[in-house]
Amino acid sequence: MTEQQGKLDRRDLQGTAAVAAFLSRSGVVPYLAVAVMCTFLAVVIWHVRSIDLTVPLGVNGDHNLSQELVTNFVRDGHYYVNPLLGAPGEQELYDYPLPHWVHFSVLAGIRVFTHNPGLAINLLFFLGYPLAGITALYAFRKFGISTGLAMAGAVLYAFIPFHQMRNEAHLIYACYYLVPLMVLVLVWISTGHELFLTLGQQARTSGVRITRDGIISLLVCFLIGWDNPYTAFFGIVLLAVGGLLGRLRGRNPRSLIAAFVLSAVIIVSFGVGLLPNVVYIHNHGRTTTATRIPSESEMYGLTLIQMLAPVTNHRIHRLAEWKDRFLSQAVMVNGENESAALGAVGAVGCVVLLVCLFLPNCPEILYSLSILNLFAFLMGTIGGLGAIFSFVVSPQLRGFSRVTVYIAFFCIAASMIVLDYIVANGFGKRNTIVGLIAIPSLILVVGIYDQVPKGLTLGRDRVGMEFRAMGEFVRNIESLVPPNSMIFQLPYDPFPESPPINRMNDYEELKGYLHSKSLRWSYGAMKGREVSKWQAAITAEPTDKMLIAVAKVGFAGIYVDRFGYPDGGALLESQLRKLLGNEPIRDKSGRLAFFLLDSRAANSLIGPEQRSDLEGTVYPLVLEPGGGCWGKEGTESENWHWCPRQGTIDILNTSRSQRKVVIEASFSTPASKSSNLVVDGPGIHQELKVNNGGTHWLAEVTVTPGDSTINLSSDASKLIAPNDPRDLYFQINNFRFHEVAR
């Protein structure tokens, strides 16, 4: 663990120990060896030689979102804007911050060699293994761990259960190769290591000199800001912990300053990455695209038992059975914290770090790792520091179990440091064939067997068949319509982060786009923006009016996912057959149907009523409670929207004409005592008295083209509802509106 421990004695250079000496002194060979081992193991455990690498690892849920981001970038070089989604507009991701510039830089390199999206996403995912191994090896060697054990620990870190279980569904989180470098910076800070030196008075020049390690730290922190928001947030919190530790235990007053500077670098880097989002939102206003609530931090938090428990689907049958029983009985179990298992080597390291907290003479690096590990766990655990942040500061960060990638590195490092000490004292030398090859090989084999679950490729044949069948279905659609045709998708599914619609999961409607290069798809318009509101409004109309609207806008076909309807789409399809006069084509599974939208058939649907107000049919008014008000509850006849203290009624006039609308609702609060509700909007300013009896409200509003807002402000008391974390102040009941005839 010291520099002396890393040096070789001439007596070591005997027989097979010469190999150990070569590896220990070589600068490149260990990194190449780790990269080769990681690549080889990834090929073996994922059966890469027997699968089609142009087919992604999954085709459902979040897998589709990852594929969409990669497809857009690899095919067309776009990141924020996708002209083939969100028709009749285009998808703009500015409301959904994704500042993952580091990983898209890697993807840019992949794009030089292939424009095939399936191959590109697989290459990015599999590259995560050698990249994580290489950066982990660099950090472990900086910790003074002998080369053999550092290599074994690096490979084990590349294959922590988090990597396999996150898969391509959470592609960016599975690419955690910058974390080892960030941990190295944290250890430097917490042990009082000098990164920025103040030149003394005796020097000819004054100021601050940045050491080589300081330059590395600045670069790492800049890149962490471009990794993902969670990695950056955890890095900032742990820098604060490391700075305090370096000041108090390392007795270096500059540790706090260094921690502050590096935290500022992460914040600035993250801010630069978000600059396109900030500019867009400043120019177009904010939407509630992905609203989170504080209690979600409890739902997606860590538990200690999940960290120490065996991985799900363990290769040892009894351990797999135990884990299945645990999962069937435990309450707070989900896909987030289920991937937090550390594996046996990491679990041992976790125990070591806990014990180290109580030892009076715990080695400096182990003590630093133990404190950092403790605070990482406190940040990620249910009801911990992350939950405090969500409830007090912002609920937008919720998946605090993702700190697992930091904890796993702390714990594997601790195991390797202790093993290194045992080898050095038990066998006399670390850099011998036993210390460099035999023991690390044993640890590596046992660790990989323990960490990698069985059945990773189960269902791979089904994935391939679904992927190819979808491609065939989309090609059939392309053969029926001209290039660049717009396809309207049903049911309407808000993008992003929407709950399942009957049997249709979120992001399922991306599949058409993923297999098409010449069609524009309606799915993917950003939730809360004009196109998405227009889509929601016309799909709420009767089928004949909806068809008139989409035909007049220029759509060439209707794509139906039958899983999105309680009756399997039977009623909708019968209406489409009758109105359009044609039969649909179907995919092989029978789940998807496509109806050609003939403009003549659509024109025949325009009766006298629609003809008199064709603009109103094609460009309907959209009115809905917003500004933090929650979705509709109750039934169609009796319904309500709960709102916070400040709410809105958002109005969108999608036409080019001024229009009049009558809005009707009743407002109520939970209390019998009356409170004040101020209604302020275009041509309206009213002060209402509201209580639990309800106050009827009727208003006529003239709305100009574009967006308008009616602001609602209440001074009612908050309702404290058991098991409901929302801010509930007042209700909008039976909200309805109708346009005044022109």
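Our subject is the structure that appears above.
All of these numbers come straight from a predicted model, not from anything done at the bench. (Residues numbered from 1 in each chain as written. Predicted model: local features only at pLDDT ≥ 70, side-chain atom pairs only at ≥ 80, totals over all residues. Heavy atoms only, no water.)

**Q** Can you walk me through the state of the cysteines in this structure?
**A** Working definition: the covalent bond between the sulfur atoms of two cysteines is a disulfide. Taken as a whole, this structure holds two disulfides when the rule is applied. Through a disulfide, Cys 356 is tied to Cys 362; the S-S separation comes to 1.6 Å. Torsion about the S-S bond of the Cys 356 and Cys 362 cystine: about -95°, corresponding to left-handed handedness. Like Cys 362, Cys 356 is buried. The side chain of Cys 629 participates in a disulfide bridge whose partner is Cys 643; the two sulfur atoms lie 2.1 Å from each other. Every disulfide takes its handedness from the sign of the S-S torsion; for Cys 629 and Cys 643 that torsion is 110°, giving right-handed. Taken together, the residues span a long stretch of sequence, with Cys 629 in the loop between β10 (621–626) and β11 (633–634) and Cys 643 in strand β12 (residues 639–643) at a distance of 14 residues. Judged by relative accessible area, Cys 629 falls into the buried class, the value being 13%. With relative accessibility at 0%, the residue Cys 643 sits in the buried group. (Disulfide = S-S within 2.5 Å. Buried < 20%, exposed > 50% of the residue type's maximum accessible area, 1.4 Å probe, protein only. Helix = DSSP H or I, 4+ residues; strand = E, 2+ residues; numbered from the N terminus.)

**Q** I tried to follow empty space enclosed by the protein on my own but got confused; where do I start?
**A** Applying the stated criterion across every chain, the model contains two cavities of 30 Å³ or more. Looking at the largest cavity, its volume works out to about 80 Å³. Of all elements in the fold, only β5 (486–490) and α24 (530–539) reach the threshold of two or more residues within the lining of the largest cavity. Sort the elements by how many residues they give to the lining of the largest cavity and α24 lands first, with three residues. Across the lining of the largest cavity, the residue classes tally to seven nonpolar, six polar and two charged. Its volume calculated, the second largest cavity comes out at about 50 Å³. Lining the second largest cavity we find Phe 162, Tyr 173, Tyr 176, Asn 228, Tyr 230, Thr 231, Phe 234, Arg 402 and Val 405. With three residues, helix α11 (residues 229–248) is the largest single contributor of residues to the lining of the second largest cavity. Taken together, the residues of the lining of the second largest cavity sort by class into six nonpolar, two polar and one charged. (1 Å grid on protein atoms, 1.4 Å probe; cavity = no way out; pocket = protein on both sides within 12 Å on 5 of 7 lines; lining within 4 Å. Points joined across faces, edges and corners; volume = space filled by probe spheres on them. Nonpolar A, V, L, I, M, F, W, Y, C, P; charged D, E, K, R; others polar.)

**Q** When you look at the sheet that holds strand β18 (residues 706–714) in this model, what are you seeing that I'm missing?
**A** In sheet architecture, strand pairing relies on hydrogen bonds along the backbone and comes in two forms, parallel and antiparallel. Taken together, the five strands give an open sheet; going across it, the order is β10-β13-β18-β15-β16, and neighbouring strands pair in antiparallel fashion. Each edge of the open sheet is held by one strand with a lone partner, namely β10 and β16 (684–690). Taken pair by pair, the neighbouring strands of this sheet meet at an average axis angle of 15°, ignoring direction. Looking at chain direction, strand β15 (residues 675–681) and β18 are connected through four bridges and run antiparallel. Paired with Val 678 across the two strands is Ser 713, which belongs to β18. Docked against the sheet, α24 engages β10, β13 (646–653) and β18, running at close to 105° with respect to β10. (Pairing = 2+ DSSP bridges. Axes fitted to C-alpha atoms, helices over the stretch in contact; angles between N-to-C directions. Contact = heavy atoms within 4.5 Å.)

**Q** So what exactly am I meant to see when it comes to the pattern of salt bridges here?
**A** Side-chain pairs of opposite charge can arise where the charged atoms are in close proximity. In total, this model carries 22 salt bridges according to the counting rule given. One salt bridge connects Arg 468 with Asp 52, and the closest N-O pair in it is separated by 3.8 Å. Taken together, the positions of Arg 468 in helix α22 (residues 460–480) and Asp 52 in the loop between α2 (29–45) and α3 (62–76) put the pair 416 residues apart, joining distant regions of the chain. Overall, the relative accessible area of 35% leaves Asp 52 in the partly exposed class. With a shortest N-O distance of 2.9 Å, Asp 724 and Arg 726 are connected by a salt bridge. Look at Asp 724 and you get partly exposed, because its relative accessible area is 23%. A single salt-bridge network, built from bridges that share partners, covers Arg 562, Glu 573, Arg 577, Glu 583 and Arg 586. (Salt bridge = Lys/Arg side-chain N within 4 Å of Asp/Glu carboxyl O.)

**Q** In this structure, what is going on with the pairing of β5? I would like to understand it.
**A** Most of β5 is tucked away: five of the five residues are buried. The alternating pattern of β5 places Met 486, Phe 488 and Leu 490 on one face and Ile 487 and Gln 489 on the opposite face, and all of these are buried. In this structure, β5 lies alongside strand β7 (residues 555–561), joined through five bridges in parallel fashion. Bridging across to β7, Phe 488 finds its partner in Ile 558.

**Q** How do you make sense of the sheet that holds strand β17 (residues 695–703) when you look at a structure like this?
**A** Taken in spatial order, the five strands make up an open sheet running β11-β12-β21-β14-β17, and their pairing is antiparallel. A single partner strand is all that each edge strand has here, and the edge strands are β11 and β17. Pairing of β11 with β12 involves two bridges; the strand directions are antiparallel. Looking at the pairing, Glu 633 lines up with Trp 640 of β12.

**Q** Just checking my understanding: could you explain the packing of aromatic side chains for this structure?
**A** Two numbers describe a pair of aromatic rings. These are the distance of the centres and the angle of the planes. Within this structure, the stated rule accounts for 36 aromatic pairs. A ring pair is formed by Phe 735 and Phe 737, whose centres lie 6.4 Å apart and whose planes are at 50°; its orientation type is tilted. Residue class for Phe 735 comes out buried when judged on its relative accessible area of 15%. Directly above the aromatic system of Phe 563 lies the positively charged group of Arg 503, at a separation of 4.1 Å from the ring centroid. (Phe/Tyr/Trp six-rings, centres within 6.5 Å; stacked < 30°, edge-to-face > 60°. Lys NZ or Arg CZ within 6 Å of the ring centre and 35° of its normal.)

**Q** Would you mind showing me how to read the nonpolar core here?
**A** Soluble, globular proteins show a tendency: their nonpolar side chains are buried together. Ranked by size, the top nonpolar core spans 145 residues in total, and within it Phe 140, Phe 143, Tyr 157, Phe 159, Leu 239, Tyr 406 and Phe 410 carry the most contacts. Among the elements that line this core, the one with the most residues is helix α20 (residues 404–426), at 13 residues. Core analysis: the second largest hydrophobic core is formed by 25 residues, Leu 621, Cys 629, Val 703 and Tyr 729 among them. (Core = buried A, V, L, I, M, F, W, Y, C linked by side-chain atoms within 4.5 Å.)

**Q** For this particular structure, what's the right way to read unusual backbone geometry?
**A** The bulk of non-glycine residues show a negative phi, and the bulk of peptide bonds are trans. Look at the link from Ala 87 to Pro 88: it is a cis peptide, with omega at 15°. Tracing the backbone shows Pro 88 in the loop between β1 (81–82) and β2 (91–92). Positive phi outside glycine occurs at His 47, with the angle close to 55°. Along the chain, His 47 turns up in the loop between α2 and α3.

**Q** I keep staring at helix α25 (residues 543–553) and nothing clicks. Help me out?
**A** For α25, the full list of buried residues reads Thr 543, Met 546, Leu 547, Ile 548, Ala 549 and Val 550. Immediately beyond the C-terminal end of α25, within one or two residues, lies Gly 554, with a positive phi of roughly 120°.

**Q** In this structure, what is going on with the environment of Ile 663? I would like to understand it.
**A** Mapped onto the elements of the fold, Ile 663 is located in strand β14 (residues 659–668). For Ile 663 and Glu 90, which are 573 residues apart along the polypeptide, the C-alpha to C-alpha distance reads 31 Å. When residues no more than four places from it in sequence are discounted, the contact partners of Ile 663 are Leu 623, Ile 651, Trp 697, Leu 698, Ala 699, Val 701, Ile 710, Phe 735, Arg 736 and Phe 737.

**Q** In this structure, what is going on with the environment of Pro 99? I would like to understand it.
**A** By the secondary structure assignment, Pro 99 is in the loop between β2 and α4 (101–113). Using a relative accessible area of 0% as the deciding quantity, one classes Pro 99 as buried. Remark: the alpha-carbon pair of Pro 99 and Gly 225, spanning 126 residues in sequence, is separated by 8.4 Å.

**Q** Would you explain the side chain of Thr 543 in this entry?
**A** With respect to the helices, strands and loops of the structure, Thr 543 is situated in helix α25. On the accessibility criterion, Thr 543 (13% relative accessible area) is buried. In terms of polar contacts, Thr 543 uses its side chain to reach the side chain of Gln 575, at 2.7 Å. Beyond its immediate chain neighbours, meaning those up to four positions away, Thr 543 contacts Leu 572, Gln 575, Leu 576 and Leu 579. (Polar contact = N/O pair within 3.5 Å; in protein donor to acceptor, adjacent residues only side chain to side chain.)

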